[in-house]
Amino acid sequence: MEKPVKVGLLGLGVVGTGVLEILADHQEKIEKSIGCPLTVAKALVRPTEDKENLAKKYNLQLVHELTDIIEDPEIDIVVEVMGRIEPAKTFISEALKAGKHVVTANKDLLAQHGSELASLAHEQKRNLYYEASVAGGIPILRTIANSLAADDIQEVLGIVNGTTNYMLTKMVTEQMDYDTALKQAQELGFAESDPTNDVDGIDAAYKMVILSKFAFGMTITMDQVKVKGIRGLSGKDVTAADQLGYTVKLIGSTVKKNGSIAAEVGPVLVPSDHPLASIHNEFNAVFVKSSGIGESMYYGPGAGSRPTATSIVADLMTIVNKIQLGTIGHRFSEYTQPTQLTPPEEIVSKYFLSLKMPDETGQFLQLAEIMANAGAGLEQVVQEKATVENARVVVITHKMSETTMSQIQKDIAEKTNFELLSTMKVMGE
Ligand code: HSE
């Protein structure tokens, strides 16, 4: 038997504990696959954290200084499971500079500083792997980088935030209100410590930045992703969409058109017979449209201790394989293209609009005129009487550009006394 490969853990929370469990429970298979034992030798914890029982159970040393791990010549790979930007960024950089390979699940960090860290790893001829950063237990990054390496990807659409998918599921199936659904998601433990990142679409946007790099080789920044969350989404709109044959989902998308890409996160009306409409509760799914394979979808848990840890341990095993083969230092995704963004006038989709208008003659005509002047067509229109004075009107348009949609919003605000309650994109031709 070859000498064990030793790992240093930065953080020993839910995911770190999962790493210890997966390594222990699947020890035999892991060892047979890589030809040597894989063990966690040390874990960095805060002096105030009581992790003695875990340390004893898994036979590891608790340390309070980064140097105790990165200056230990016995440790080959560092796993960062602390989350957030700092000190994780400094710790990962220091570990790479000290010659360690790094595995992380930190989507916030990779979305904002991924290129810098990948370049540092490359310079240091070390590996930086982060499968668990997108859709935790779904092996989507490796699938895009390896299995779809020969394919030409056109679209990646994802339900990549479990918290919001759980909330939307409860709002549709149990007519649960927004606040109760959020509270339940927090209690179940998949919400971020600050659930703003979940409900405002930021967590999903981090993942779309990473997916854009893998699918199209393009590095985009967070401010190049158009982000809208589900905060304030009304149960009435969700129900209206349901009655029109759609399910509202928070969709992260990155789409290629004429060599440029558009990345976005927002609530979308998904046709109820589309595979993404059937993803319920906290589950994640990534739907890929490509010219070789056609349509494929990858489904599974997007968070949780053991699913996330399973992806982390697979990354560790990949690095061990590369050390053994002497092929270290390649990037997780080698595909690189100059970044080109699709202009708003070329980003087209159908739209759902919900409006409150006075229940008087001629109001509808005004809406029809605004739409006609902008060159937009109506596909479906539903009117319901909200109060004695007001009617609530729900419209699904034909496809139009984002620029046209902005013009319509402007005209509604300036030329009518309608209240535009919400707008959402609608998936489909
Ligand atoms: N808060 C995230 C979610 C956790 O709800 O999906 C996984 O990134």
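Per an unreviewed UniProt entry, the chain carries the name Homoserine dehydrogenase and comes from Candidatus Enterococcus moelleringii. UniProt, in the comment section headed Sequence similarities (unreviewed entry), describes the chain in these words: "Belongs to the homoserine dehydrogenase family." In its Catalytic activity (unreviewed entry) section, the UniProt entry covering the chain states "L-homoserine + NADP(+) = L-aspartate 4-semialdehyde + NADPH + H(+)".

Enquirer: Teacher, can you tell me more about the packing of helix H5 (residues 88–97) against helix H6 (residues 107–123) here?
Expert: Between two packed helices, the angle of one axis relative to the other and the distance separating the axes together describe the packing. Put simply, H5 and H6 touch, their axes get as near as 11 Å, and they point 15 degrees apart. On the basis of their axis angle, the class for H5 and H6 is roughly parallel. The two elements H5 and H6 meet at a crossing, and its hand is right-handed. Mapping the contact onto sequence places Ala-88, Lys-89, Ile-92, Ser-93, Leu-96 and Lys-97 in H5 and Leu-109, His-113, Glu-116, Leu-117, Leu-120 and Ala-121 in H6. When grouped by side-chain class, the residues that make up the contact of H5 with H6 number seven nonpolar, two polar and three charged.

Enquirer: What am I meant to see in the site of the ligand here?
Expert: In the vicinity of the ligand, the contacting residues are Lys-107, Asn-161, Gly-162, Thr-163, Phe-190, Ala-191, Glu-192, Asp-198, Asp-203, Lys-207, Gly-302 and Ala-303. Interatomic distance of 2.7 Å between a backbone N/O atom of Gly-162 and an oxygen atom of the ligand. At 2.8 Å, a backbone N or O of Phe-190 approaches a nitrogen atom of the ligand. Calculation on the ligand without its partners gives an accessible area of 260 Å², and the protein chains cover 91% of this total.

Enquirer: So what exactly am I meant to see when it comes to the domain arrangement of the chain here?
Expert: How big an interface is tends to be stated in terms of the accessible area lost upon association of its parts. Segmentation of the chain into domains returns domain 1 (5–136 + 305–325), domain 2 (140–300) and domain 3 (344–426). One C-alpha centre belongs to domain 1, the other to domain 2, and the line joining them spans 27 Å. Facing 16 residues of domain 1, the contacting portion of domain 2 comprises 16 residues. Each partner contributes to the roughly 1,400 Å² buried at the junction of domain 1 and domain 2, and carbon and sulfur atoms together form 57% of this total. Ranking the residues of domain 1 by area buried against domain 2 places Lys-107, Glu-131 and Val-134 at the top, with a combined share of 40%. Here domain 1 is connected to domain 2 by four salt bridges. Ionic pairing is found between Glu-192 and Lys-107, a salt bridge with its closest N-O pair at 2.8 Å. Our enumeration of links across domain 1 and domain 2 arrives at nine residue pairs in polar contact (both at pLDDT 80 or more). Per element, the largest residue contribution to the side of domain 1 that touches domain 2 is six residues, and it comes from H6. By residue class, the composition of the side of domain 1 that touches domain 2 is seven nonpolar, four polar and five charged.

Conventions and cut-offs
Residues numbered from 1 in each chain as written. Predicted model: local features only at pLDDT ≥ 70, side-chain atom pairs only at ≥ 80, totals over all residues. Heavy atoms only, no water. UniProt positions renumbered as here; feature names shortened; annotations may be inferred. Axes fitted to C-alpha atoms, helices over the stretch in contact; angles between N-to-C directions. Helix = DSSP H or I, 4+ residues; strand = E, 2+ residues; numbered from the N terminus. Parallel < 35°, antiparallel > 145°, perpendicular 65-115°, else oblique. Left-handed = near helix turned anticlockwise from the far one by under 90°. Contact = heavy atoms within 4.5 Å. Nonpolar A, V, L, I, M, F, W, Y, C, P; charged D, E, K, R; others polar. Near = heavy atom within 4 Å. Polar contact = N/O pair within 3.5 Å; in protein donor to acceptor, adjacent residues only side chain to side chain. Areas by Shrake-Rupley, 256 points an atom, 1.4 Å probe, with all protein chains shown as cover. Domains from an automatic or database assignment. Buried area = accessible area lost by both parts, 1.4 Å probe. Salt bridge = Lys/Arg side-chain N within 4 Å of Asp/Glu carboxyl O.

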